[in-house]
Amino acid sequence: MVATAAFNLRSEILRLKKERNAVILAHNYQVKEIQEIADYVGDSLGLAYKAKDTDADVIAFCGVHFMAETAKIVNPEKTVVIPDMNAGCSLEQSCPGPQLDAFLKANASKNYYVIAYINCSAAVKALCDCICTSGNAVKIVEAAPKDRPILFVPDQNLGSWVIEQTGRKMDLWKGACYVHVEFTRDSIQAIKEKHPGAEVVAHPECTYAVRMLADEVCSTEKMIGYCRNSKAKDFIIVTESGMLNRLEREVPEKNFIAGPTGHCLCADCRYMKLNTLAKLHDALLNLEPRVEVPEETRKRALKPMLRMLELSK
Ligand code: 13P
Ligand code: SF4
């Protein structure tokens with residue numbers, strides 16, 4: 001009975017997708033059923049490219065709000081819907097636009113070159129010189145003007161990882177992802193001891209103490225290639241739990257172990273997990289909730305987005 005209902009939901013979503021000429025884009029942290037029905041599953045960078053290049057009329061964005069907002073920034077003619085409007089992000093919340101604006105005004109004499117991690121609002125993007133994702137942050141920082149100090153917002157952990165990789169000094173905004181900071185040195189050390197042959201693959205939003213235990217630190221997309229090409233058979237994946245769905249589907253010959261946090265056996269982002277198949281269905285049916293960006297903000301946010309897309313080709 002339940003299986004039939006789920007099947008009907010899936011076929012109804014596919015029917016609506018066709019009727020609306022919609023494309024379903026999903027982040028790697030989405031639940032399995034959403035990843036399975038999506039036209040494209042990827043990291044923030046891949047999703048930004050797909051959103052820009054699509055010729056669909058509707059983008060059903062299964063991820064968090066800043067990702068859907070990014071789709072609207074790069075492709076304003078499209079209707080962008082998100083299954084749950086409350087799918088926020090702790091990093092976005094840690095750097096409100098007015099606060100960054102006030103900081104930049106108070107420090108105008110520094111003439112900062114501002115690089116914003118894509119996990120921020122359109123209002124913050126509009127105040128920046130260039131955007132980056134975890135997949136291209138090193139490249140973007142290396143391409144920054146050498147004669148200006150860099151302010152990196154909002155993730156201090158990604159920022160400090162980029163400093164380690166590039167040797168470039170940057171001032172860091174003190175934001176963090178509430179999910180990734182829950183992994184601890186002790187929780188990762190303990191799981192490593194249980195699986196001595198396993199490699200540790202961690203997202204750069206993790207703290208320095210956790211990154212130090214990793215064999216590889218990379219974006220969610222790069223995790224796929226790393227695990228596929230590594231000689232190891234077992235991997236401890238230190239990021240949000242949804243990533244395991246994609247790894248298990250695309251690299252079936254390897255074994256993936258969820259990195260435990262200090263509190264539980266794996267890590268769920270409560271925002272990513274707000275999206276469900278039923279809400280995706282309703283979003284396609286009603287074309288609501290829609291993601292909109294005020295045109296003035298959108299135009300200003302587009303410039304650093306396009307700079308990023310150009311630089312990371
Ligand atoms: P990726 O771009 O690596 O997928 O990261 C997005 C994110 O929200 C990580 O928490
Ligand atoms: Fe934001 Fe962290 Fe969730 Fe990624 S995992 S969407 S950074 S709260």
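Here the structure is shown first, and the text comes after it.
Residues numbered from 1 in each chain as written. Chains lettered and ligands numbered in written order. Predicted model: local features only at pLDDT ≥ 70, side-chain atom pairs only at ≥ 80, totals over all residues. Heavy atoms only, no water.

A. Geometry of the overall build of the chain. Within the chain, the secondary structure is distributed over 15 helices and 12 strands. Oriented by its inertia axes, the alpha-carbon framework of the chain measures out at about 65 × 55 × 35 Å. Split into buried and exposed, the 313 residues of the chain put 56% on the buried side. When the accessible surface of the chain is summed, it comes to about 13,500 Å², and 53% of that surface belongs to carbon and sulfur atoms. Within the chain, the 40 negative side-chain charges are centred at a point lying 3 Å from the centre of the 40 positive side-chain charges. (Helix = DSSP H or I, 4+ residues; strand = E, 2+ residues; numbered from the N terminus. Buried < 20%, exposed > 50% of the residue type's maximum accessible area, 1.4 Å probe, protein only. Areas by Shrake-Rupley, 256 points an atom, 1.4 Å probe, with all protein chains shown as cover. Lys, Arg positive; Asp, Glu negative; His and termini not counted. Charge placed at Lys NZ, Arg CZ, Asp CG, Glu CD.)

B. Quick look at the pattern of salt bridges. In the structure shown here, the tally under the stated rule is 15 salt bridges. A salt bridge links K313 to E310; its shortest N-O distance comes to 3.2 Å. Exposure remark for E310: the relative accessible area of 51% places this residue in the exposed category. (Salt bridge = Lys/Arg side-chain N within 4 Å of Asp/Glu carboxyl O.)

C. How the structure looks around the packing of aromatic side chains. Per the stated rule, a full pass over the model turns up 4 aromatic pairs. Where F103 meets W173, the ring centres are 5.7 Å apart and the plane angle is 85 degrees; that geometry is what we call edge-to-face. One end of the pair, F103, is in helix 6 (residues 97–106); the other, W173, is in the loop between strand 8 (170–172) and helix 10 (185–194), and 70 residues separate them in sequence. Accessibility expressed as a relative area gives 30% for F103, which makes it partly exposed. (Phe/Tyr/Trp six-rings, centres within 6.5 Å; stacked < 30°, edge-to-face > 60°.)

D. Focus on the packing of helix 3 (residues 44–53) against helix 15 (residues 295–311). Where helix 3 contacts helix 15, the axes come no closer than 11 Å and their chain directions differ by 110 degrees. Judged on the interaxial angle alone, helix 15 and helix 3 are roughly perpendicular. Facing helix 3, whose interface residues are L45, A48, Y49 and K52, helix 15 presents M305, L306, M308 and L309. Grouping the amino acids of the contact of helix 3 with helix 15 by side-chain chemistry returns 7 nonpolar, no polar and 1 charged. (Axes fitted to C-alpha atoms, helices over the stretch in contact; angles between N-to-C directions. Parallel < 35°, antiparallel > 145°, perpendicular 65-115°, else oblique. Contact = heavy atoms within 4.5 Å. Nonpolar A, V, L, I, M, F, W, Y, C, P; charged D, E, K, R; others polar.)

E. Representation of the site of ligand 1. Close to ligand 1 lie H27, Y29, D43, S44, Y117, N119, S134, H180, H203, E205, S219 and T220, which account for all nearby residues. Side-chain polar atom of H203 to an oxygen atom of ligand 1: 2.8 Å apart, as the coordinates give it. A distance of 2.5 Å separates an oxygen atom of ligand 1 from a polar side-chain atom of T220. When ligand 1 sits alone it has 300 Å² of accessible area, and the protein chains cover 95% of it. (Near = heavy atom within 4 Å. Polar contact = N/O pair within 3.5 Å; in protein donor to acceptor, adjacent residues only side chain to side chain.)

F. Expanded view of the pairing of strand 1 (residues 22–27). In terms of burial, strand 1 is largely enclosed, as 6 of its 6 residues are buried. Once you follow strand 1 into helix 2 (residues 32–37) and on to strand 2 (residues 40–42), the crossover reads as right-handed. (Right-handed = clockwise from strand over helix to strand, strands pointing away.)

G. A look at the site of ligand 2. Around ligand 2 sit Y29, V64, C89, S90, L91, N119, C177, Y178, V179, E205, C269 and M272, and that is every residue in its neighbourhood. Of the residues in the shell around ligand 2, the class split is 9 nonpolar, 2 polar and 1 charged.

H. Representation of the sheet that holds strand 9 (residues 199–202) in the model. With parallel pairing, the 4 strands of this open sheet are ordered in space as 10-9-11-12. A single partner strand is all that each edge strand has here, and the edge strands are strand 10 (216–217) and strand 12 (255–258). Bridging between strand 9 and strand 11 (residues 234–238) involves 4 bridges; their strand directions are parallel. Residue pairing in the sheet places V200 in a bridge with I236 of strand 11. The strands that helix 10 touches are strand 9, strand 11 and strand 12; relative to strand 11, the one it contacts most, it runs at about 170 degrees. (Pairing = 2+ DSSP bridges.)

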